[in-house]
Amino acid sequence: NNKIIYLSSPPTEQNIFLKTTNVPVTMKITATTAITSFLILGAATTIPTIDAFAPTFLTRISQHAPSTSSTSSTCLLMALDSSMKERLDGIRRSYLALTERLADPDVIGNSNLLMQVMKDRSQSEEVVQAFDEYTQFETELVGAKELFQEAGDDNEMREMARSEIKDIDAKLEELEERIKILLLPKDPNDDRNCMLEIRAGTGGSEANIFAGDLLDVYRKYMTDQGWQVTMIDSSPGDDGGYKNVVLEVKGDSVYSKLKWEAGVHRVQRVPATETQGRVHTSTATVAIMPECDEVDIKIDPKDIEMSTMRSGGAGGQNVNKVETAVDLVHKPTGIRIKCTQERSQLKNKELAMKMLMAKLYDIENEKREAEERARRGDQIGTGGRSEKIRTYNWKDSRVSEHRLGQNYPLQSFLSGEIGQIIDGLIAKDQEMKLRQLSEEGAN
Amino acid sequence: SPVINELLLQQIPPKITVQHAVQKSLKILEEKSIPEPEESVLHLLSHALNLSWENGYRQLREILSLSVGSSTISENAMSPIQQLSNQCLSKDERDAYISLLERRMQHEPLQYIIGKWDFHFLTGLKIKKPMLCPRPETEELVELVLAEVGNLLRDWKEKRKMRILDVGCGTGAIGIAIANKYPAAVQVVALDVLPEAVDLSNENAEQFLSRYSAHGDSKLGVKSIYEAMLCSATHFTNNTTNTSRDLSKKKYKMNFDIVVSNPPYIPLKDMIDLSSDVVEYESYEALCGGEDGLNVIRDIVHRLPEWTFSSSSRAKHCWMEVDESHPRHLARWLSPGSVEARRCGVEYVESYTDFCGRDRFVKLRVS
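For clarity, every value in this text was computed on a predicted model and none was experimentally measured. (Residues numbered from 1 in each chain as written. Chains lettered and ligands numbered in written order. Predicted model: local features only at pLDDT ≥ 70, side-chain atom pairs only at ≥ 80, totals over all residues. Heavy atoms only, no water.)

### Brief notes about helix α9 (residues 173–181) of chain B
Next, step 1: Across the nine residues that make up α9(B), a large majority, eight, are buried.
Next, step 2: Those residues of α9(B) not exposed but buried are Ala173(B), Ile174(B), Gly175(B), Ile176(B), Ala177(B), Ile178(B), Ala179(B) and Asn180(B). (Buried < 20%, exposed > 50% of the residue type's maximum accessible area, 1.4 Å probe, protein only. Helix = DSSP H or I, 4+ residues; strand = E, 2+ residues; numbered from the N terminus.)

Here's what the structure looks like:
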């Protein structure tokens, strides 16, 4: 394991180890910090002396060094440079300030304010803790290196110190990764609850049945996640499954996980209704709409036409009916929503409005995201609605996730174990964002 | 009726699955023209099977839409819905379901058979005959009053709680729904002429509001938030010369800030058009408001100035759910500045439509 750690202080006579060890060199370069010195550990070839420490030296080193791209996903990573450290210091200061506020009697007495302060504080908690750990390890590293120097000719001591340095080095790198990911810009909708809609696509009855199968899978996954699921609207298919079904999903980090399911899902199998054993291809579209409120979307009551079961004939005290289904049409967009789930008409109305707002918000988000994607010219995204994201093949018992270019066992998917796919998509998204950041930094 | 019983026993045999029970009983109700056959089956079977209040009927609705033997393509284990669908009714469950269906086939309202229903944000409000089953329109009345309560609270300078009078409380739905939103800020007094209504309202209040009275006015308990009393609108007065009220009774506190009512308002001529599930089960007194439907409303109007009397100059409003024919009558009778409005001390302000576009709610002001 050959490594470079670079220090931000210039080389001095103290860094005797530079003179004495011979190693192959792999270099990490950032655009923002000047490399002033480096510590090299490990086996191997000759290295220049400290005198040669200059830009030319760097060029010469690169001739000997293996290509930086060989370090696959760790290539082009930035270490915690000074601007990032400044930023982290700022975050830590705010975090400490918020922690103090929690003890403020004015804050304690106001439950809304208290909740807000706690929420803001918890958002930085993870990165602050990681950064604290990082600075602690940096201090330990200094100590370990001192130990190495003091060891002199004591080989045993030197070995101990060297292995400690290696350990700390590894931990620092891991923390760097974590911190960089935590500092990535977050999708503002990630913490929201959402509505999940499955709509049968091409394929007639088989598409409806497939939509029902997807629903089963998602419900299993949601139960495993401990999320609260309510069916808001559904149009059952004549031969089974659903033409259309909408769920409300509430819980932790719902949108951040489910958003990866948005898009067109394709199934290849022999339908139940097929008499001659031919394989058909059908589709279902999944839409994931983050929950929103009046702050995100304003709806003019005049744009809404609502009808209920009581609309015809007498009403009020004259009639006692329990059916309180609400049918809502948003005139400007033509979006139609039916809500039958609640016993209380008021609750059906509120649920229908919630769904409408989520749909309108989703349309706006989609527009904005499409513009973003066009601007960046990138491939991966959380669904253009018509992006074909997955194909399910029954004969080969596999699920092909097209965005990752990977296959997964069909049975796991059908048992509700979609976490693996989602984690893969999240990791790839983070990698892409990190790469973009470093490219922007290099420019 | 033995005929109904025989039919049900025959059509819903022992060891029937949930799915078959749903399908068969639905057919029976449809053939007998029972109103809302699908809702009836879903809610009654859910009740007989003791499924969750929130999800039971939804699961059964899904089962109803499952065709027999579908979804066997997925080679994975049966989903909970499929398991429920294939479950056989136990003897007790079958017996229970059949007796529930019998009652429904006599057109008894579902809320009476099950004994509770949801209203506004009250989940599982107890409902008993002959008290009126709360209607969805009345949820809108509650929303109108809640909007005014919210407005008043913004500038509320009094040291006491806001006092609201609910006339003709029935199950207690309106007053309890209001108190449920603002338990710390309002005190509701509710009146009804039926002892069963008073008892039921207080029982429901205990169920929904006792959680709020744990601290604070613990001596009074729920009564500090909601109390129902046996009294008619006319008799709710401290003016003893007009009524035969017992002189030894203590005086009622009268400084109400808002009066709300869903009084009996159906005009006599419309009573004959009511369906049997309404007219044969729900209280006549809770429905019929006399010849023009305005009898109880007139009683309320006459008492309004006494009920809302206080030193404050703030406008006091009365919100009522009424028959479609009433807003224009009331607008004429209590037209601001008219002789009658001045005599009564009450003015008509405006009317509101319900979600079906019918003139359903009126707002009056004590002048």
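### Thoughts on the interface of chain A and chain B
Next, step 1: Taken together, the contact between chain A and chain B spans 44 residues of the former and 53 residues of the latter.
Next, step 2: When chain A packs against chain B, the two sides together hide about 4100 Å² of surface, and 45% of this comes from carbon and sulfur.
Next, step 3: The largest per-residue losses of area from chain A upon contact with chain B belong to Gln317(A), Asn320(A) and Arg343(A), which jointly make up 25% of the total buried on that side.
Next, step 4: The interface formed by chain A and chain B holds four salt bridges in total.
Next, step 5: Linking Glu342(A) and Arg58(B) is a salt bridge whose minimum nitrogen-to-oxygen distance equals 3.5 Å.
Next, step 6: Elements with a minimum of two residues in the side of chain A that touches chain B: α7 (204–225), β4 (228–236), β8 (304–308), α9 (345–376) and α10 (410–414) of chain A.
Next, step 7: By residue number, the principal contributor to the side of chain A that touches chain B is α7(A), which donates six residues.
Next, step 8: Residue classes in the side of chain A that touches chain B are distributed as twelve nonpolar, 16 polar and 16 charged. (Contact = heavy atoms within 4.5 Å. Buried area = accessible area lost by both parts, 1.4 Å probe. Salt bridge = Lys/Arg side-chain N within 4 Å of Asp/Glu carboxyl O. Nonpolar A, V, L, I, M, F, W, Y, C, P; charged D, E, K, R; others polar.)

### Considerations on the sheet that holds strand β6 (residues 263–269) of chain A
Residue and element names in this part refer to chain A.
Next, step 1: Read from one edge of the open sheet, eight strands run β4-β5-β3-β7-β6-β11-β12-β13, paired in mixed fashion. For this open sheet the edge positions go to β4 and β13 (406–409), each flanked by a neighbour on one side alone. Across the sheet, the mean angle separating the axes of adjacent strands is 20° when strand polarity is ignored.
Next, step 2: Both β6 and strand β7 (residues 280–290) contribute to a ladder of seven bridges, which runs antiparallel. Within β7, the position partnered with Gln268 by the bridge is Thr281.
Next, step 3: Together, β3 (194–200), β4, β5 (242–250), β6, β7 and β11 (388–393) form the strand contacts of α7, whose direction differs from that of β6 by roughly 115°. (Pairing = 2+ DSSP bridges. Axes fitted to C-alpha atoms, helices over the stretch in contact; angles between N-to-C directions.)

### Quick word on the nonpolar core
Next, step 1: Ranked by size, the top nonpolar core spans 40 residues in total, and within it Leu196(A), Ile198(A), Leu214(A), Leu258(A), Tyr392(A) and Phe413(A) carry the most contacts.
Next, step 2: Those elements that place two or more of their residues in this core are β3, α7, β5, α8 (254–258), β7, α10 and α11 (419–442) of chain A.
Next, step 3: When residues of this core are assigned to their parent elements, the largest contribution, nine residues, is made by α7(A).
Next, step 4: Not counting the four nearest positions on each side in its chain, Ile198(A) is found in contact with Ala211(A), Leu214(A), Leu215(A), Tyr218(A), Lys243(A), Asn244(A), Val245(A), Ala284(A), Thr285(A) and Val286(A).
Next, step 5: Leu45(B), Leu89(B), Tyr97(B) and Tyr281(B) belong to the second-largest nonpolar core, a separate cluster that totals 38 residues. (Core = buried A, V, L, I, M, F, W, Y, C linked by side-chain atoms within 4.5 Å.)

### Remarks on the packing of helix α2 (residues 18–31) of chain B against helix α4 (residues 56–65) of chain B
All names here are of chain B.
Next, step 1: Interhelical geometry of α2 versus α4 gives an angle of 80° and a closest axis separation of 9 Å. Compared by their axis directions, α2 and α4 come out roughly perpendicular. Contacts between α2 and α4 involve Val18, Gln19, Val22 and Leu26 from the former and Leu60, Ile63 and Leu64 from the latter.
Next, step 2: Classifying every residue of the contact of α2 with α4 by side-chain character gives six nonpolar, one polar and no charged. (Parallel < 35°, antiparallel > 145°, perpendicular 65-115°, else oblique.)

### Brief notes about the pattern of salt bridges
Next, step 1: In this structure the tally under the stated criterion is 41 salt bridges over all chains.
Next, step 2: The salt bridge partner of Arg314(B) is Glu158(B), with a shortest N-O separation of 3.6 Å. Here Glu158(B) lies in the loop between α8 (136–154) and β3 (162–167) and Arg314(B) lies in the loop between α14 (295–307) and β7 (316–321), a separation of 156 residues in the sequence.
Next, step 3: Given the relative accessible area of 23%, Arg314(B) is considered partly exposed.
Next, step 4: Under the relative-accessibility criterion, Glu158(B) is labelled partly exposed at 30%.
Next, step 5: Taken together, the salt bridges that share partners define one network made up of Glu261(A), Arg390(A), Glu401(A) and Arg403(A).

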